[in-house]
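# Summary of structural features
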Amino acid sequence: MSERILVTGGTGYIGSHTVVELQNSGYEVIVIDNLSNSNADVIDNIEKVSGIRPAFEKLDCCDFQALDAVFAKYEGIKGIIHFAASKAVGESVEKPLLYYRNNLLSLINVLELMPKHGVEGIIFSSSCTVYGQPDQLPVTEQAPIKKAESPYGNTKQINEEIIRDTVASGSPINAILLRYFNPIGAHPSALLGELPNGVPQNLVPFLTQTAIGIREKLSVFGDDYSTPDGSCIRDFINVVDLAKAHVVAIHRILDKKQKEKVEVFNIGTGRGVSVLELIHGFEKATGVKLNYQIVGRRAGDIEQVWANPDFANNELGWKAQETLEDTLRSAWNWQLKLRERGIQ
Ligand code: UD1
């Protein structure tokens, strides 16, 4: 029998792509999600893409009893990939308690239930946000953790500490913390992608919605930063590449290849791309002209950050493969497909 992996938040943007890659690699996947920011029909699309329908349970990881029952129902779960979390930076400033409750309690419940059900490993979705504005670029995993700019960012830092403290206390848990840079793009089938609720806060969804005419104009938040073209710089990572990093990481845990019980990897491309470069890259890749304007800076934005992915490349044996051009084209194809499906 193939090994069972539980994916929390498995109908979300990164989760759904990861479920596909896990299934493609022969894992049996159980998805749980409270559908607070996704739809159950994502399961249908995962099945269309991978040919396998994962088991699905609608529940909130903050519900300890319900989570306990899932572990009991699907006996022998070996590993967990824990995506389930709230992730809107702005919303977290307005509703900090919602963010602390959701993001902390769900992880605490998972960690409490793992030993009870003999689950060995956990992959945790962390973020480059833990570095704040790094003193040195590209940023390595050894860079100091800076004070969080938002409650959302703080939940990532605290959750990393919760995992470390739990493992240090002797709990029989092995963990890999993946610090994502900026995931963008969609599955090449255009059946899976990012579907933000309401007005998108992130750059690429806003950009593709502008290109298709849902939004009138894309605002570029600032062109007076100390960067070559004045706009912010990020490390944009293809979501399928990112999904594959989870498969390699779960393999590493289950094969007992870890050098330490808690390992941290930067998951980025190693290339910094400015917001304006991304816009022009999109226009070139798709032939679609974008209506955009430069406006003032957005509060809380980091000027520039990109990964040193050497540790992930060498130790994990994972490397981002997709070009930025193909990735932007995939984001556009996803937006076109949404229109075809009458969704947006
Ligand atoms: C933020 C978080 C990151 C989180 C991610 C997903 C921080 C520092 N980063 O990333 O941890 O995982 O959101 O929610 O908290 N931009 C525009 N116009 C727009 C939208 C964005 O110019 O309409 C610019 C931003 O100013 C920024 C860049 O595009 O420079 C990327 O923004 P965004 O996609 O929101 O991601 P981050 O803020 O980098």
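Residues numbered from 1 in each chain as written. Predicted model: local features only at pLDDT ≥ 70, side-chain atom pairs only at ≥ 80, totals over all residues. Heavy atoms only, no water.

Quick look at the pairing of strand β5 (residues 121-127) now. In terms of burial, β5 is a largely internal element, seven of the seven residues being buried. Here β5 shows a buried face lined by G121, I123, S125 and S127 and a second buried face lined by I122, F124 and S126. Bridge count between strand β4 (residues 77-82) and β5: four bridges; the pairing is parallel. Looking across to β5, one finds that I80 is bridged to I122. (Buried < 20%, exposed > 50% of the residue type's maximum accessible area, 1.4 Å probe, protein only. Helix = DSSP H or I, 4+ residues; strand = E, 2+ residues; numbered from the N terminus. Pairing = 2+ DSSP bridges.)

In the vicinity of the ligand lie 19 residues, with L203, S219, R234, R298 and D301 positioned nearest. With respect to the ligand, the backbone of L203 contributes an N or O atom lying 2.9 Å from an oxygen atom. A distance of 3.0 Å is found between an oxygen atom of the ligand and a backbone nitrogen or oxygen belonging to F221. Its free accessible area being 750 Å², the ligand has 89% of it covered by the protein chains. The greatest single-element share of the shell around the ligand, amounting to four residues, is contributed by strand β8 (residues 218-221). (Near = heavy atom within 4 Å. Polar contact = N/O pair within 3.5 Å; in protein donor to acceptor, adjacent residues only side chain to side chain. Areas by Shrake-Rupley, 256 points an atom, 1.4 Å probe, with all protein chains shown as cover.)

With that out of the way, let us pick up the packing of aromatic side chains. Evaluation of the coordinates by the stated rule reveals three aromatic pairs. Consider the rings of F282 and W332, whose centres lie 5.8 Å apart with planes at 85°: the pair is edge-to-face. Separated by 50 residues along the polypeptide, F282 in helix α9 (residues 275-286) and W332 in helix α11 (residues 324-340) bring together distant segments of the chain. The pair formed by F282 and W332 is uniform in burial state, with each residue classed as buried. For the cation-ring pair, R297 lies above Y225, with the distance from its terminal atom to the ring centre recorded as 3.9 Å. (Phe/Tyr/Trp six-rings, centres within 6.5 Å; stacked < 30°, edge-to-face > 60°. Lys NZ or Arg CZ within 6 Å of the ring centre and 35° of its normal.)

In this structure the tally under the stated criterion is 19 salt bridges. Across the pair E160 and R179 runs a salt bridge, and its minimum N-O distance is 2.7 Å. Note that E160 is positioned in helix α6 (residues 151-168) and R179 in strand β6 (residues 174-180), a separation of 19 residues in sequence. Assigned by exposure class, E160 and R179 land together as buried. Residue R329 is joined to D326 by a salt bridge in which the shortest nitrogen-to-oxygen separation is 2.9 Å. Placement of the pair is R329 and D326 together in helix α11, with a separation of three residues, close to one helical turn. Within this structure, R252, K259, E263 and E315 form a network of salt bridges that share partners. (Salt bridge = Lys/Arg side-chain N within 4 Å of Asp/Glu carboxyl O.)

As a further point, take the layout of surface pockets. Approximately 220 Å³ is the volume attributed to the second largest pocket. Lining the second largest pocket, in full, are E141, Q142, R164, R179, K259, E260, V262, E263, V264, F311 and E315. For the lining of the second largest pocket, the secondary-structure elements that each account for two or more residues are β11 (262-267) and α10 (310-316). The dominant element in the lining of the second largest pocket, judged by the number of residues it contributes, is β11, at three residues. (1 Å grid on protein atoms, 1.4 Å probe; cavity = no way out; pocket = protein on both sides within 12 Å on 5 of 7 lines; lining within 4 Å. Points joined across faces, edges and corners; volume = space filled by probe spheres on them.)

Let us look at the environment of T327. Within the fold, T327 resides in helix α11. Through-space distance from the C-alpha of T327 to that of F236 is 9.2 Å; in sequence the pair is 91 residues apart. Discounting residues that sit within four places of it in the chain, T327 has contacts with I184, G185, N238 and E322. (Contact = heavy atoms within 4.5 Å.)

Counting residues in hydrophobic clusters, the biggest one holds 44 residues, and the most contacted among them are L22 and I267. Here the element with the most residues in this core is helix α8 (residues 239-254); it accounts for nine residues. Counting residues domain by domain, this core receives three or more from each of domain 1 (4-185 + 236-267) and domain 2 (203-234 + 270-338). Contact partners of I267, with chain neighbours within four places excluded, come to L178, R179, Y180, F181, I237, L242, A245, A312, L316 and W318. Judged by nonpolar contacts, the second largest core, of 28 residues, contains I32, L111, V119 and F124. (Core = buried A, V, L, I, M, F, W, Y, C linked by side-chain atoms within 4.5 Å. Domains from an automatic or database assignment.)

This paragraph deals with the packing of helix α5 (residues 96-116) against α6. The axes of two packed helices give the description: the angle between them and the distance between them. Two elements in contact, α5 and α6, have axes whose closest approach is 10 Å; the angle formed by their N-to-C orientations is 20°. Comparing the axis directions of α5 and α6 gives the class roughly parallel. As for the relative orientation of α5 and α6, their crossing is right-handed in sense. Side by side, α5 and α6 meet where P96, Y99, Y100, N103, L104, L107, I108 and L111 of the first sit next to P151, Y152, N154, T155, I158, N159, I162, I163 and T166 of the second. Its residues assigned to classes, the contact of α5 with α6 comprises 12 nonpolar, five polar and no charged. (Axes fitted to C-alpha atoms, helices over the stretch in contact; angles between N-to-C directions. Parallel < 35°, antiparallel > 145°, perpendicular 65-115°, else oblique. Left-handed = near helix turned anticlockwise from the far one by under 90°. Nonpolar A, V, L, I, M, F, W, Y, C, P; charged D, E, K, R; others polar.)

Considered domain by domain, the protein is made up of domain 1 (4-185 + 236-267) and domain 2 (203-234 + 270-338). On a C-alpha basis, the centroid separation for the pair domain 1 and domain 2 is 24 Å. The interface is formed by 28 residues belonging to domain 1 together with 28 residues belonging to domain 2. Counting the contacts that link domain 1 with domain 2 gives two salt bridges. A salt bridge links E315 to K259, with the shortest nitrogen-to-oxygen separation between them at 2.7 Å. Taken together, the connections running from domain 1 to domain 2 amount to 11 residue pairs in polar contact (both at pLDDT 80 or more). Sorting elements by how many residues they give to the side of domain 1 that touches domain 2 places α8 first, with six residues. Residues belonging to the side of domain 1 that touches domain 2 are distributed by class as follows: 15 nonpolar, seven polar and six charged.

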